[in-house]
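Here are the chains, one letter per residue:
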Amino acid sequence: MASSDPGTGFSVEMYEAYSSIMSLARKINTPVQVPEIVLVGKKGVGKTSLLEAILGHKFGDTGTSTMRPIEVKMVNNQQCATPKITFMHDLALPQFMEDTEIPLNKVPETIRDRNKKSSVPIRILYEFKYCWGMTIFDTPGLLPKSDPAEAIEEVESIVLELMTPPTRMLLCVEEATDWERVQIVDFVSKVDPKRSRSVFVFNKFAGLLKNFGSFRELQLFLSANPLMDTPVFFTSLPAGAIEAHLYKRRLAQLLKGDKDALELLQYDRRYEKSIGVVALQKYVLDWTLNKYQDLIPEILKRLRNHKKQAQQNAYKVSAQLEAMQPHQLRANASVFMSEFLQAIEELVQGSIEGRPAQNGETLFEEKAHEETGEWHDCERREITFNPADWEIASHASRLYGGQQLERLLNEFKAVVDRCTDIQVSRHEVAAALGTTKTGLGPDLIWAASDITRTKTVQILQPLVSQLIKRATYIMKNLVHIADSMLESKRAVSQKLLTQASVATVSTPVLGATSVDQYPYFAAYIKDNYNQFVDSVADKCLSKCLDEFTCTQLVCWQASRLGELPQLKPGADQEQIFAHVSELVQILFGDIKNRTVTNVILKCYNFFLVPMQSQLVLSMHGCISQLDDSRLNELFEVAVTKAHLTARAEHWNKMVESFLEQEHTFLTAAASFTHPVF
C-alpha cells in the first residue's frame, strides 16, 4: 500500500512522480502553465483563513486586514520534508530588497511587517515535497459601500487586475447568509459573467446553521441555491489567534461540529461534497491535478519528438561517416556535379527557378560591375547612351543566363551600328597608295581596302573584346545563382528529412543537401566551371577575330559589291583623296554589317552552344581524373571523420538519454494519472 501525506490524501509516490514529470518538462523546454487561484471577498470574511486551510498550515496574520496582495508561489521540492518559506525581495519596500528565508512560525509576523498599502504583491515562495505547483493570490478585502468612493475604486482596481487573466480560478469568499443577501456574485460577474472559472465559498457556516430549526428549513435553504451550476462550498474556519501545532486539530473540530449539526437536522447527503474545508481542499487539488494531467500527452509528444530528432541525427551522422569511403565520395561528387550542372543548364536555357527578381540584373546593374562597365571606343572614350532611346530590348528587366546574353548581343549590335563612323586623313590615303601606285581604279580600290581593313580592326576589335568579356561575366555569374537554387533545394530536402521517420530515411548523399559542409570541393567544382567558361570565351574570341581579314580579301570582297564610284582620268590629289574616302565608307559599311552578323552567330555557335553541349562532359571529366588522395584532400576526410565521430558519440548519448527519460516519464505518468489515495 502506498504511503500518503496526511495533509492532502495523495500518495507520496504521486508527488514524486509529479516532481519527475516537471523536471523532465524543464529539460526538454516544454512550457508549463502553473495553475493560479485568486481569493476574492470583503474584509473579514476569512480569505486568509481559507488560504491557510488550503496550505494546511497557520500562515497569515489572521484578524488583520490584508492591505496589499499576497502572492504565494507553491513549488514541489522533494528535498523539503517540511515547508520552506522564502520571502522574495519586495519592490514596494526598499528595506526588504533581498530574498529572505523565514521559519514557518514567523510567517504571520513577516507578513505583518510588509502589510503596507500597495498594489505590489508580497511575493512568497512556498517549497514543499507534498504540494503541486500552483500560485495563490490573497487580495485586499473589498470595502463596504459606506467607505469613500475613491478608496473603494482603488481596492477594486487592484483586485480586478488580478482576477482578469482568463486561466485563473476565482475563489470567491463570503460569509454564509441568506441567498438574497449574497453580494460577491455581482462583483465577480465583471470579469467572469458566465461563472465558468468561479468557485464560491461561504464561510462561518456554523453560525448560519444555528438559524435552522428543522430539516425543512435547511432543505429550503440548500435547494434555493442560485448558483447550482457553479461549485459552492460551506466552511467554518478558525478565527483569531491559534497555536500552529493546534491548527489542524481545530480545523477538524470545526468540520465535525458542522457535520454533527447537519446530522441533527437530517440533511440531504447529496450536499455532503460541498461541506467543509476538506471538500474544498480536495476540489482545488483535483483541479490543479487535472491541469497537470492534461499536460502529460504534450510533454510525452515533445519528448518523443526530441528522441526522434536525436535518432535521425545519429543515423544521418553514421551515414555521413560511411560516405567518407573513396568510392562513395566519388559517387556523391557526381551527384552534386549533376545537380550543379542541371541548375546551370536551366539558367542558360531560360527558367524562373533562379528567382530573377532577386538574382537577375537590369542592363544598368549589369554594367555597374567592375568586370563589365560601359562600352569604350578605340581611343578608350566611354560610349554613353540611353538604352530606351536605342531600343535595347529588355533593358529594364532583371535577366540572367541565356536571356541576359541575348540582350548583350542586341546592345552590341546597337553600339556598332551607331558608333563606328570613320574619318580618313590625307596622310592615310597617301600612305596606302604609296609611290608605286598609278592612281588608277584598281590601285585606288586596293588603297581603300587597306585603309578599311585597318580601320575595321581599330574600331571593331575592341568592341568585340568587350563583348566577349561581358559574355564571360554573364556565364560566370550563374555560379552564385545556381548556389541560390541549390540552397532552396537544400531547405526543401531538410524539411522532408525532418518529417520522415528514421526507418524511411535513405543513406544521404552529398548533393545539394550537404555540399556546404565541404567548401574545398565546392570551390574546386566552381573553379573548373570558371576555367571552362574562360576556355570557351577564348576560343569564341579567336573565332570572332578571324573576321578581321587581310587587305587582299577586303579588296576581293570589294569587287563583288557591284559598280563602285569611278574616278575620271586626270584627277588631282584632292579628288583622289575624296574618291578613296568615299570607297572606304562604302567598304567599311559592308564589312561592319557582315562582321556584326558573323560575330553574333559565332557567339551562339562557339560560346552558347558549348555551354550547353560540352560543359557536362568537361565537368564530369574533372571528377573522374581525381585520385583517392586528391578526393581525401578536397573533402578533408581526416578532419571530417574526426568531427563526425564526435558528433555520432554525442547523438548516440542523446538517444540513450531520451530513451531513459521516456521510460522514467511513462512510469511517473502512470503513477500520476492513476493516483492512489
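For the structure, check the block above.
Here the structure is a predicted model, which is why all the values come from computation and not from measurement. (Residues numbered from 1 in each chain as written. Predicted model: local features only at pLDDT ≥ 70, side-chain atom pairs only at ≥ 80, totals over all residues. Heavy atoms only, no water.)

Details of the overall build of the protein chain
At step 1: For the protein chain, the count of helices and strands is 23 helices and 11 strands.
At step 2: Within the protein chain, buried positions represent 47% of all 677 residues.
At step 3: By sequence separation, contacts in the protein chain at least 24 residues apart represent 81% of the contacts at least 6 residues apart.
At step 4: For the protein chain, the computed accessible surface area is about 34,000 Å², with 52% contributed by carbon and sulfur atoms. (Helix = DSSP H or I, 4+ residues; strand = E, 2+ residues; numbered from the N terminus. Buried < 20%, exposed > 50% of the residue type's maximum accessible area, 1.4 Å probe, protein only. Contact = heavy atoms within 4.5 Å. Areas by Shrake-Rupley, 256 points an atom, 1.4 Å probe, with all protein chains shown as cover.)

What about the packing of aromatic side chains?
At step 1: Counted under the stated rule, the structure contains 22 aromatic pairs.
At step 2: Arranged with centres 4.5 Å apart and planes meeting at 35°, the rings of Y15 and W132 form a pair that is tilted. Of this pair, Y15 sits in helix α1 (residues 12–27) while W132 sits in the loop between β5 (122–128) and β6 (134–138); the two residues are 117 residues apart in sequence, bridging distant segments of the chain.
At step 3: The class for Y15 is buried, based on a relative accessible area of 1%.
At step 4: Taking the relative accessible area as the measure of exposure, W132 reaches 0% and is therefore buried.
At step 5: Three or more aromatic residues joined by ring pairs form one cluster here, namely Y15, Y18, Y126, F128, Y130, W132, Y292 and F672.
At step 6: For the cation-ring pair, R114 lies above F96, with the distance from its terminal atom to the ring centre recorded as 4.4 Å. (Phe/Tyr/Trp six-rings, centres within 6.5 Å; stacked < 30°, edge-to-face > 60°. Lys NZ or Arg CZ within 6 Å of the ring centre and 35° of its normal.)

Details of the packing of α1 against helix α23 (residues 637–673)
At step 1: At a minimum axis separation of 8 Å, α1 and α23 run at an interaxial angle of 140°. Looking at the two axes, α1 sits oblique to α23. As α1 packs across α23, the resulting crossing turns out to be left-handed. Within the contact between the two elements, α1 uses M14, A17, Y18, S20, I21, L24 and K27 and α23 uses Q661, F665, A668, A669, S671 and F672. (Axes fitted to C-alpha atoms, helices over the stretch in contact; angles between N-to-C directions. Parallel < 35°, antiparallel > 145°, perpendicular 65-115°, else oblique. Left-handed = near helix turned anticlockwise from the far one by under 90°.)

Points about the environment of G257
At step 1: Along the polypeptide, G257 turns up in helix α8 (residues 247–264).
At step 2: Along the backbone, G257 and S236 are 21 residues apart, and their C-alpha atoms lie at a distance of 9.1 Å.

A look at the pairing of strand β3 (residues 84–87)
At step 1: Inspection of the sheet shows β3 paired to β5 by 4 bridges, in the antiparallel sense. Within the sheet, the bridge partner assigned to T86 lies in β5 and is L125.
At step 2: For β3 and strand β4 (residues 100–102), the ladder comprises 3 bridges, and the chain directions are antiparallel. Looking at β4, one finds that T86 is bridged to E101. (Pairing = 2+ DSSP bridges.)

Here we look at the side chain of H376
At step 1: The topology assignment puts H376 in strand β10 (residues 375–376).
At step 2: On the accessibility criterion, H376 (17% relative accessible area) is buried.
At step 3: Within polar-contact distance, the side chain of H376 engages the backbone oxygen of E374 at 3.0 Å. (Polar contact = N/O pair within 3.5 Å; in protein donor to acceptor, adjacent residues only side chain to side chain.)

Some points on the environment of I122
At step 1: When you line up the elements, I122 lands in strand β5.
At step 2: A sequence separation of 29 residues divides I122 from L93, and the C-alpha atoms of the two residues are 9.9 Å apart.
At step 3: I122 has contacts with R68, P69, I70, E71, F87, I111, R114 and N115, leaving out every residue within four places of it along the chain.

Regarding the side chain of R114
At step 1: As for its position among the elements, R114 is in helix α3 (residues 107–114).
At step 2: Within the buried set, R114 has no salt-bridge partner at all; the shortest N-O distance to an opposite charge, 4.0 Å, is to D90. (Lys, Arg positive; Asp, Glu negative; His and termini not counted. Salt bridge = Lys/Arg side-chain N within 4 Å of Asp/Glu carboxyl O.)

Focus: helix α4 (residues 149–163)
Residue pairs three or four apart in sequence face the same way in an α-helix, which turns once every 3.6 residues.
At step 1: Counted at 1.5 Å a residue, the expected span for α4 with its 15 residues is 21 Å, and the 21 Å between its end C-alpha atoms agrees.
At step 2: When α4 is considered as a whole, its buried residues turn out to be I152, V155, I158, V159, L162 and M163. Along the axis of α4, the buried residues cluster in a sector spanning 140°; they form a single face. Exposed positions of α4 whose direction lies more than 90 degrees from the buried face are A149, E150, E153 and E161.
At step 3: Considering only its buried residues, α4 is in contact with β1 (36–41), β6, β7 (169–175) and α5 (184–188). (Expected span 1.5 Å × (residues − 1). Arc of directions from axis to C-beta.)

Thoughts on the packing of helix α9 (residues 277–322) against α23
Axis angle and axis distance: for two packed helices, these are the angle between their axes and the distance between the axes, and together they describe the pair.
At step 1: The geometry of α9 relative to α23 is characterised by a closest axis approach of 8 Å and an angle of 160° between their N-to-C directions. With respect to α23, the element α9 is oriented roughly antiparallel. Handedness of the α9/α23 crossing: left-handed.
At step 2: Classifying every residue of the contact of α9 with α23 by side-chain character gives 21 nonpolar, 9 polar and 5 charged. (Nonpolar A, V, L, I, M, F, W, Y, C, P; charged D, E, K, R; others polar.)

Considerations on helix α13 (residues 401–418)
At step 1: Relative to the 26 Å expected for 18 residues at 1.5 Å per residue, α13 spans 26 Å between its end C-alpha atoms, a close match to the ideal helical length.
At step 2: Regarding α13, the residues found buried are G401, G402, Q404, L405, R407, L408, L409, E411, F412, A414, V415 and V416.

Some remarks on the sheet that holds β7
At step 1: Taken in spatial order, the 9 strands line up as β4-β3-β5-β2-β6-β1-β7-β8-β9 in an open sheet, and their pairing is mixed. For this open sheet the edge positions go to β4 and β9 (232–234), each flanked by a neighbour on one side alone. Here the average twist between neighbouring strands, direction ignored, is 20°.

With respect to the pattern of salt bridges
At step 1: Scanning all chains against the criterion turns up 27 salt bridges.
At step 2: Note that K204 and E175 form a salt bridge whose closest N and O atoms lie 4.0 Å from each other. With a gap of 29 residues between them, K204 in the loop between β8 (198–203) and α6 (205–209) and E175 in strand β7 connect regions that are remote in the sequence.
At step 3: Overall, the relative accessible area of 38% leaves K204 in the partly exposed class.
At step 4: With a relative accessible area of 40%, E175 lands in the partly exposed category.
At step 5: A salt bridge links R270 to D268, with the shortest nitrogen-to-oxygen separation between them at 2.8 Å.
At step 6: Through salt bridges with shared partners, one network takes in E366, K367, E374, R407, E411 and R470.

What to know about the nonpolar core
At step 1: If you look at the biggest cluster of nonpolar residues, it comprises 88 residues, and the most contacted ones within it are F340, F412, M475 and Y529.
At step 2: The contacts of F412, once residues within four sequence positions are left out, are W375, L463, V464, L467, V596, V599 and I600.
At step 3: The next biggest cluster of nonpolar side chains, apart from the first, holds 67 residues, and it includes F87, L280, A310 and A314. (Core = buried A, V, L, I, M, F, W, Y, C linked by side-chain atoms within 4.5 Å.)

Re unusual backbone geometry
At step 1: With a phi close to 55°, Q266 is a non-glycine residue in the positive phi region.
At step 2: Examined against the element boundaries, Q266 turns out to sit in the loop between α8 and α9.
At step 3: On the basis of relative accessibility, which here comes to 60%, the residue Q266 falls in the exposed class.
At step 4: The backbone phi angle of R380 is positive, close to 65°, even though this residue is not glycine.
At step 5: Checked against the element boundaries, R380 lands in the loop between β10 and β11 (382–383).
At step 6: Assessed through its relative accessible area of 59%, R380 is described here as exposed.

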